[in-house]
Amino acid sequence: MVPDWKVVQDYLEILEFPELKGIIFMQTACQTVQHQRGRRQYNKLRNLLKDARHDCVLFANEFQQHCYLPRERGESMEKWQTRSIYNAAVWYYHHCQDRMPIVMVTEDEEAIQQYGSETEGVFVISFKNYLDNFWPDLKAAHELCDSILQSRRERENESQESHGKEYAEHLPLEVLEAGIKSGRYIQGILNVNKHRAQMEAFVRLQGASCKDSGLVSDILIHGMKARNRSIHGDVVVVELLSKNEWKGRTAALCENDSDDKALGDPPSEPMPTGRVVGILQKNWRDYVVTFPSKGEVQSQGKNAQKILVTPWDYRIPKIRISTQQAEALQDFRVVVRIDSWESTSVYPNGHFVRVLGRIGDLEGEIATILVENSISVVPFSEAQMCEMPVNTPGNPWKVSPEEERERKDLRETHLVFSIDPKGCEDVDDTLSVRTLANGNLELGVHIADVTHFVPPNSYIDIEARTRATTYYLADRRYDMLPSVLSADLCSLLGGVHRYAVSVIWELDKTSYEIKKVWYGRTIIRSAYKLFYEAAQELLDGNFHAVDDIPEFRDLDERSRQAKLEELVWAIGKLTDIARHIRAKRDRCGALELEGVEIRVQLDEKKNIHDLIPKQPLEVHETVAECMILANHWVAKKIWESFPHQALLRQHPPPHQEFFSELRECAKAKGFFIDTRSNKTLADSLDNANDPNDPIVNRLLRSMATQAMSNALYFSTGSCAEEEFHHYGLALDKYTHFTSPIRRYSDIVVHRLLMAAISKDKKMEIKDNLFSNKDLEELCRHINNRNRAAQHSQKQSTELFQCMYFKDKDPENEERCISDGVIYSIRTNGVLVFIPRFGIKGAAYLRNKDGLVISCGSDSRSEWKPGSLHRFQDRITSTTTGGESVTFHLFDHVTYWQQQHYVDCLERLCQICLPTPLDPRLYEPPQWSVPWVCVLASLKEKSSLLLMIST
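Residues numbered from 1 in each chain as written. Predicted model: local features only at pLDDT ≥ 70, side-chain atom pairs only at ≥ 80, totals over all residues. Heavy atoms only, no water.

Let me state the cut-off plainly: UniProt positions are given in the numbering used here, feature names are shortened, and annotations may be inferred rather than shown by experiment.
Taking an unreviewed UniProt entry as the reference, the protein is identified by name as DIS3-like exonuclease 1 belonging to Ailuropoda melanoleuca. Per UniProt, the protein carries the Subcellular location (unreviewed entry) text "Cytoplasm". According to UniProt, the comment filed for the protein under the heading Cofactor (unreviewed entry) is "Mg(2+)".

If you want it as structure tokens, here you go:
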């Protein structure tokens, strides 16, 4: 089957069905998708071609002597493209000696009439006809095809009926490019504020615009008209408005755009403001949506088949689709795609793709998170699994004699062990430390040799490159590599022989300064697979922890004591070395930042049992410092050998404007935060300690973390050396080398390190390394997938945080009562952090009707007419009757929570007072946003009903 360019554009999601194999994609069709549909759809097409399971090929018809056709005078581009693809199909039929019939699929009726009977053996039919004749039983494909056709007909009818324009037309590409070059227009990525999705978006400058515009902040895009049909993530072109038209972003808490419109909140300081005049690159993807209720469907107008669906991601506008299933799908999560957004339409037009699952069902909600982050979790293919080594009881894997000759054997000379979280199966890294004959110390970091089992450009390498990372959700993980590698042959488990790539340093016995370093392939046998808590117990001198270490159980007392002393010495020495390394980085300005990390604890039936905040242990720092040291030294090595094509990791300094809230909060407690450099910031945070409240420092460090830029992978040929610096770690060069089981970046770095070692030995470099251009593209892909992994992990944790309180009775459940801390003051409320569950949320002091919170003498709270007065460190609610209550920064509040209804990620929670509460005081909001209601007990012992958005 040979699809025409229009078929590839419109029906690519059907061509991705696993049943459709052996498709021949012409270069002409692929280039049309690239130029007309943007990078995202073009990459989907490329991935389809790379996937061995589909058995598809790309034919470069425009570079084949007998297939190329010049465009005729007066011939439209579309007609020439269809004619070129047909001509190539005919040539291919004859090339196969007329033995293999060719089906060309097109949506061009004239082409079907013209070419349908021109060449015997080459059939030209419509895509609908193709499905009807060749795939009559493929129901999902027929339904999707009907949905796409219906959407197209609706668009055509709408364009004929519409006369007035809702939005300005986008400028032509050549005008945009010239404007960017001259400085009239600015290029950047649109970032929509999810709390004010209809009103506020920001454009983060990109490329030359970032350096040439002279702007130091993002550009505000105020309102949908100014956004001009661009969608969150699009690469847009912006025209700055005159300064008298600049606006400021709101300082109020808001969950939808009506919350603060009528309340007269003064905006913040005006900032550069602009309007979108064109879109360079659309970032359209699959969107998960929910259908409106039956009443809303009826209120949407005369044509009930046209439905406005609401995306799960609030930053995406409502999408209009055509369907007759609206009522049946009201309780389900559904995937749709956007087809177009014409200047005459208020909303984008799209089509129904598939149903994910029922709202509130765990698997449906997990599927939602995966789709929203464009994460594919298909099983590994047969072709990929055929490349895997065998390790079964009947045919166990063994170290080969050839590898024994090539590698340094550490199995009998080094005490090697791992320290990981409980239940960890993919053990990437192990450590060793010993005393040398000259009295110096030897420190070793030994990393799984994944590249031994994953040759470049093999099927499994291409799949790992596409996935780019292992995705860890709260209750599961999706591996980058098959389990025979990730949980077995590449996992450095205790007591088994494994291949490793090692970095080994000789350290001065007293100062721990590095004397020399060795890199190379090794064979190891890890003696112990420790978990963090057991290692910390041994470090603290609590030797009862050995009962939890399997390797000690069958030893006699004498051997047990000797091995225990050896292990305790090694852990203690590693910790001493790590302290020295950390102190050295601290002197250069390394930051100790605070992140809220919550572990979901499940019972045997996979039901949520508890939410457990991660407890910091010194042994965490010990392992982390050893990994940072290895990453740093490998970064230096591969850059020295390949200065223009090494994969490193940079962490740019944050924008100073992002620290403003941190400085204000610290000032309220009498602390000064100096943000001029990482060193001054680190010292300021160390000094910002309240001896009466350790949460203060945690919150300040958390705010500093929020202000940070994202660390990114990059190719050294694309950046000046002064841009290599890692701000947070205070290192001049850094990379990722220590987790090749779960990060593709580390696989690339391992290959670079092996090539660097071969180069030092004057040996031939076996692996073809990425060029700077290819590596730059790969880094963009890995950075994108890393963001998806971070977002999906965070969203799955939020899902379980919500489910944890599902149907819990506050009268009998202690979990429903917890401590919270106010960490930010806004014009209409405060932001609260709840350490026990890692929840941050907005507590409203003024409701949507403009009433403010009041607290009476009987400790009961209610909404009354009045006003709020916001100061830098506090906010006061005053009623018209003169009653007032004040909230201060870092005040502690207590909440009592009951969740009576859950729509999982669109959750609705109600929290009650411990004494009967007049139900008239609280009515659940009518709009679809996540709410929690809170009881706050202040120092004055008064009680307030607050609303916390989780």
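Once you've had a look at it, read on.
Looking at the overall build of the protein
Defined as follows: Note on conventions: DSSP H or I runs of at least 4 residues are helices, E runs of at least 2 residues are strands, and numbering of each starts at the N terminus. Only protein chains enter the accessibility calculation, which uses a 1.4 Å probe; a residue whose area is less than 20% of its type maximum is buried, one above 50% is exposed, and one in between is partly exposed. Throughout, a contact is declared for two residues whenever any of their heavy atoms are within 4.5 Å. Each accessible area is a Shrake-Rupley estimate made with a 1.4 Å probe; only the visible protein chains count as cover when residues are assessed.
Scanning the protein from terminus to terminus reveals 23 helices and 41 strands. Counting only residues that meet the buried cut, the protein has 54% of its 950 residues in that class. For the protein, restricting intrachain contacts to residue pairs at least 6 apart in sequence, the fraction spanning at least 24 positions comes to 67%. Carbon together with sulfur atoms contributes 49% to the accessible area of the protein, which is approximately 44200 Å² in total.

Focus on the sheet that holds strand S7 (residues 200-205)
Convention followed: Here the rule is simple: two strands pair whenever DSSP picks up at least two bridges between them. Where helices are involved, their axes are fitted lines through C-alpha atoms of the stretch in contact, as for all axes, and angles between N-to-C directions lie from 0 to 180°.
One open sheet holds the five strands; their spatial order is S8-S7-S6-S9-S10, and the pairing between them is antiparallel. Both edges of this open sheet fall to strand S8 (219-222) and strand S10 (274-281), since each of them pairs with a single strand only. On average, adjacent strands in this sheet sit at an angle of 40° to one another, irrespective of strand direction. Note: strand S6 (residues 185-192) against S7, five bridges, orientation antiparallel.

Section: the packing of helix H16 (residues 532-539) against helix H17 (residues 557-588)
Applied cut-off: Geometric relationships in this document are graded by angle, where less than 35 degrees denotes roughly parallel, more than 145 denotes roughly antiparallel, 65 to 115 denotes roughly perpendicular, and other angles denote oblique. Residues are grouped as follows: Ala, Val, Leu, Ile, Met, Phe, Trp, Tyr, Cys and Pro are nonpolar; Asp, Glu, Lys and Arg are charged; every other residue, Gly included, is polar.
Close contact between H16 and H17 brings their axes to 9 Å; oriented N to C, the two are set at 95°. Taken together, the axes of H16 and H17 are roughly perpendicular relative to one another. Contact with H16, carried on its side by Ala-535, Leu-538 and Leu-539, involves Leu-564, Leu-567, Val-568, Ile-571, Gly-572 and Thr-575 of H17 and no other residues of that element. Taken together, the residues of the contact of H16 with H17 break down into seven nonpolar, two polar and no charged.

Quick notes on unusual backbone geometry
Of note in the backbone geometry, Ala-730 takes a positive phi value of approximately 60° without being a glycine. Examined against the element boundaries, Ala-730 turns out to sit in the loop between strand S28 (712-715) and helix H22 (744-760). Backbone geometry places Phe-890, a non-glycine residue, at a positive phi of 70°. Along the chain, Phe-890 turns up in the loop between strand S36 (884-888) and strand S37 (892-896). Given a relative accessible area of 5%, Phe-890 falls into the buried group.

Concerning the packing of aromatic side chains
To keep it simple, the criterion reads: Ring pairs shown here join Phe, Tyr and Trp side chains whose ring centres sit within 6.5 Å, with only the six-membered ring taken for Trp; geometry is labelled stacked below 30 degrees between planes, edge-to-face above 60, and tilted in between.
Taken as a whole, this structure holds 14 aromatic pairs when the rule is applied. Residues Phe-59 and Tyr-92 carry aromatic rings whose centres are separated by 6.4 Å and whose planes lie at 55° to one another, so their mutual orientation is tilted. One end of the pair, Phe-59, is in strand S3 (residues 57-59); the other, Tyr-92, is in helix H3 (residues 77-95), with 33 residues separating them in the sequence. By relative accessible area, Tyr-92 is classed as partly exposed at 26%. Between Phe-453 and Tyr-499, the ring centres sit 6.1 Å apart and the planes meet at 25°, which makes this aromatic pair stacked. Of the two residues, Phe-453 is situated in the loop between strand S19 (441-448) and helix H14 (459-467) and Tyr-499 in strand S22 (residues 497-507); the sequence distance between them amounts to 46 residues. On the basis of relative accessibility, which here comes to 8%, the residue Phe-453 falls in the buried class. According to the relative accessible area criterion, Tyr-499 is buried, its value standing at 4%. Each member of the aromatic cluster is reached from another via a ring pair, and the members are Tyr-11, Phe-127, Tyr-130 and Phe-134.

Some words on the pattern of salt bridges
Threshold: Salt bridge, as used here: a side-chain nitrogen of Lys or Arg that lies within 4 Å of a carboxyl oxygen of Asp or Glu.
Summed over the entire model, instances satisfying the criterion amount to 61 salt bridges. Residue Arg-204 is joined to Asp-218 by a salt bridge in which the shortest nitrogen-to-oxygen separation is 2.9 Å. On the criterion of sequence distance, the pair formed by Arg-204 in strand S7 and Asp-218 in the loop between helix H8 (208-212) and S8 is long-range, its members being 14 residues apart. Given the relative accessible area of 39%, Arg-204 is considered partly exposed.

So, the nonpolar core
Operational definition: As used in this record, nonpolar core signifies buried Ala, Val, Leu, Ile, Met, Phe, Trp, Tyr and Cys residues forming a set joined through side-chain atoms within 4.5 Å.
One finds Phe-417, Trp-505, Leu-530, Phe-737 and Leu-753 to be the most contacted residues of the largest nonpolar core, which totals 94 residues. Other than its neighbours up to four places away in sequence, Trp-505 contacts Leu-441, Glu-442, Leu-443, Val-445, Ile-514, Lys-516, Val-517, Leu-629, Ala-630 and Trp-633. With 55 residues, the next largest nonpolar core counts Ile-102, Leu-131, Ala-141 and Ala-367 among its residues.

Examining the confidence of the model for the protein
Applied cut-off: The pLDDT value tells you how sure the predictor is about a given residue, anywhere from 0 up to 100.
Mean pLDDT over the protein works out to 86, with 89% of the residues at or above the 70 mark. This model gives residues 898-950 a pLDDT under 50, and the stretch forms 168 contacts once residues within four places in sequence are excluded.

Observations concerning the side chain of Ser-126
Cut-off, in case you're wondering: Whenever two N or O atoms come within 3.5 Å, that pair is a polar contact, provided that in protein one can donate a hydrogen and the other can accept it, and provided that, for residues adjacent in sequence, both atoms are side-chain atoms.
Position of Ser-126 relative to the elements: it lies in the loop between strand S5 (122-125) and helix H5 (127-134). Within the structure, Ser-126 has its side chain in polar contact with the backbone nitrogen of Asn-129 (distance 3.1 Å). Not counting residues within four places of it along the chain, the set of residues in contact with Ser-126 comprises Val-105, Thr-106, Glu-107 and Ile-112.

With respect to a negative patch on the surface
Keep this limit in mind: Surface patches are drawn from residues lacking salt bridges whose relative accessible area is over 30%; two like charges belong together within 9 Å, two nonpolar side chains (Val, Leu, Ile, Met, Phe, Trp, Tyr) within 5 Å. The charge count treats Lys and Arg as positive and Asp and Glu as negative. His and the chain ends do not count. Every charge is mapped onto a representative atom, which is NZ of Lys, CZ of Arg, CG of Asp or CD of Glu.
On the surface, Glu-533, Glu-537, Asp-540 and Asp-548 cluster together into a negatively charged patch. One can find Glu-533 in helix H16.

With respect to the pairing of strand S15 (residues 349-358)
Most of S15 sits out of view: seven of its 10 residues are buried. By the bridge criterion, eight bridges tie strand S14 (residues 332-340) to S15 in an arrangement that is antiparallel. Each bridged residue has a counterpart across the sheet, and for Arg-333 the counterpart in S15 is Gly-357.

Some remarks on the environment of Lys-573
Inspection of the secondary structure puts Lys-573 in helix H17. Overall, Lys-573 belongs to the buried group, its relative accessible area being 18%. Placed 132 residues apart in sequence, Lys-573 and Leu-441 show a C-alpha to C-alpha distance of 9.4 Å. Sequence-distant contacts of Lys-573, that is, excluding residues within four places in its chain, are made with Val-433, Leu-441 and Tyr-512.

Remarks on the sheet that holds S22
Reading across the sheet, the seven strands line up as S16-S23-S22-S19-S18-S17-S24 and stay open at both edges, with mixed pairing between neighbours. Since the sheet does not close on itself, it has two edges, and those belong to strand S16 (408-409) and strand S24 (528-531), each with one partner. In terms of strand pairing, S16 meets strand S23 (residues 514-525) through two bridges, oriented parallel. Note that in S23 the partner of Lys-408 across the bridge is Thr-522. Of the strands in this sheet, strand S17 (416-420), strand S18 (429-435), S19, S22 and S24 are in contact with H17, which crosses S18 at around 100°. Strands in contact with H22 are S19, S22 and S23; relative to S23, the strand with the most contacts, it is inclined by about 115°.

Focus: the pairing of strand S31 (residues 839-844)
Of all six residues that make up S31, five are buried, and the element is covered over most of its length. Direction of pairing for strand S30 (residues 829-834) relative to S31: antiparallel, over a ladder of six bridges. Paired with Ile-834 across the bridge in S31 is Ile-839. Connecting S30 to the antiparallel partner S31 that follows it, the hairpin turn spans four residues, and Gly-838 within it adopts a positive phi of roughly 65°.

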